[in-house]
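Commentary on secondary and tertiary structure
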Amino acid sequence: VQLQASGGGLVRPGGSLRLSCVASGSIVSISAMEWYRQAPGNLRELVAGITFGGSTNYANFAKGRFTISRDNAKNTVYLQMNSLKVEDTAVYYCYAEVQNGIQWADYWGQGTQVTVSS
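A few points on the structure. What you see is a predicted model; the values in this text were computed from it and never measured. (Residues numbered from 1 in each chain as written. Predicted model: local features only at pLDDT ≥ 70, side-chain atom pairs only at ≥ 80, totals over all residues. Heavy atoms only, no water.)

A few words now on unusual backbone geometry. At Asn75, a position not held by glycine, the phi torsion is positive, near 50°. On the secondary structure map, Asn75 appears in the loop between strand 7 (66–71) and strand 8 (76–81). Within the chain, Ser83 stands out as a residue other than glycine whose phi angle is a positive 50°. Inspection of the secondary structure assignment puts Ser83 in the loop between strand 8 and strand 9 (90–100). The partly exposed category is assigned to Ser83, whose relative accessible area is 43%. (Helix = DSSP H or I, 4+ residues; strand = E, 2+ residues; numbered from the N terminus. Buried < 20%, exposed > 50% of the residue type's maximum accessible area, 1.4 Å probe, protein only.)

Our focus in this paragraph is the sheet that holds strand 1 (residues 2–6). Within the open sheet, the four strands sit side by side as 1-3-8-7. Their pairing is antiparallel. Strand pairing shows two members of the sheet lacking a second neighbour, strand 1 and strand 7, which therefore form its edges. Adjacent strand axes in the sheet meet at a mean angle of 15°, parallel and antiparallel pairs treated alike. Here five bridges tie strand 1 to strand 3 (residues 17–24), and the two strands are oriented antiparallel to one another. Opposite Gln2, over in strand 3, you have Ser24 as the bridge partner. (Pairing = 2+ DSSP bridges. Axes fitted to C-alpha atoms, helices over the stretch in contact; angles between N-to-C directions.)

Encoded structure:
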């Protein structure tokens, strides 16, 4: 199973980006899908998560600005980020809890860089 994240880039403060993460491989089912981020010198932190049924949770800094969604048919999770701030600059990682055969395991994407700068 592999997770491929994309959509990062350079954006000005106040701008928007949409991240995508596609899971591929021997997948029976995917439970939670989440986005994390890690800025230089900081610990990796949860940004947002979504269950198979569509229930969502957000870090306080993401509430009102970021929206997580998923397409179960495409094994894909998205993160729409609006009103971006300089402090949102980080590498963003996707995570998925995947049923691979008869067992569940955690998988991480490779990360996509988001830089917010004027």
